[in-house]
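# Residue-level structure breakdown
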Amino acid sequence: WWAALQARYEHDGVQFFAEGLDDTPLPQDLFDSVADNLLTNALRKRQREPGIAVEARLTLHPLVSLAVTDSGAPAPEHVARNLFLSPVASDFGLGVGLYQAARQAARSGFRLELPDNQAGRVAFRLQATGSP
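The structure reproduced in this document is the subject of the present report. Every value quoted in this text rests on a predicted model; they were computed, and no experiment measured them. (Residues numbered from 1 in each chain as written. Predicted model: local features only at pLDDT ≥ 70, side-chain atom pairs only at ≥ 80, totals over all residues. Heavy atoms only, no water.)

### Some thoughts on the overall build of the chain
The helix and strand tally for the chain stands at 4 helices and 5 strands. Order of helices (α) and strands (β) in the chain, N terminus to C terminus: α-β-α-β-β-α-α-β-β. Taking 2.2 N^0.38 as the reference for a compact globule, 132 residues should give roughly 14 Å; the C-alpha atoms of the chain span a radius of gyration of 14 Å, in line with that estimate. Summarising its shape, the C-alpha atoms of the chain cover approximately 40 × 30 × 20 Å along the three principal directions. Looking at the 132 residues of the chain, the share that counts as buried comes to 44%. Within the chain, counting contacts between residues at least 6 apart in sequence, those at least 24 apart form 62% of the total. Summing over all exposed atoms, the chain offers an accessible surface of approximately 6800 Å²; the carbon and sulfur share of this is 50%. Computed over 12 positive and 15 negative side-chain charges, the inter-centroid distance for the chain is 6 Å. (Helix = DSSP H or I, 4+ residues; strand = E, 2+ residues; numbered from the N terminus. Rg over C-alpha atoms; globule rule 2.2 N^0.38 Å. Buried < 20%, exposed > 50% of the residue type's maximum accessible area, 1.4 Å probe, protein only. Contact = heavy atoms within 4.5 Å. Areas by Shrake-Rupley, 256 points an atom, 1.4 Å probe, with all protein chains shown as cover. Lys, Arg positive; Asp, Glu negative; His and termini not counted. Charge placed at Lys NZ, Arg CZ, Asp CG, Glu CD.)

So, in structure tokens, the structure goes:
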């Protein structure tokens, strides 16, 4: 799955990093859907903010997680606060996609969150729920 994701975005200047790769099973439909949503949003943002870096990082231990980070402007507070609670209209193109992705994640035992939302570091993370 990870190699296929990298191949899909090889011409988009996304940096990919992986930690602890092994044969840990991933819910592929969830990871495909969320990764494509997050990467598409970050690449759209890059069109409005040329030169921002986009990175995807897969970590398998202690908890499975996928983070997509960009070096652009943060989402406005009123948008960030409601991203996963309801469809949000915004200039960032996040809209209904992140709301649906968060619901899909919850049904699969994962959570989608925005752990960093500051200028120069905006990070979305899909992470397994539970303790390491």
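### Quick look at the nonpolar core
Ranked by size, the top nonpolar core spans 36 residues in total, and within it Leu112 and Leu126 carry the most contacts. Residues contacting Leu126, with those up to four places away along its chain left out, are Leu30, Phe31, Val34, Val64, Ser65, Leu66, Ala105, Phe110, Arg111 and Leu112. (Core = buried A, V, L, I, M, F, W, Y, C linked by side-chain atoms within 4.5 Å.)

### As for the sheet that holds strand β5 (residues 121-128)
Spatially, 5 strands are ordered β1-β2-β3-β5-β4 in an open sheet, and the strand pairing comes out mixed. Across the chains shown, the open sheet's two edge strands, defined by having one partner strand only, are β1 (14-19) and β4 (110-118). Strand after strand, the sheet turns through a mean of 15 degrees between neighbouring axes, direction not considered. With 6 bridges connecting them, β1 and strand β2 (residues 54-59) associate as parallel partners. Along β2, the bridge assignment pairs Val14 with Val54. Of the strands in this sheet, β1, β2, β3 (65-70), β4 and β5 touch helix α2 (residues 28-48), which is tilted by about 5 degrees from β3. (Pairing = 2+ DSSP bridges. Axes fitted to C-alpha atoms, helices over the stretch in contact; angles between N-to-C directions.)

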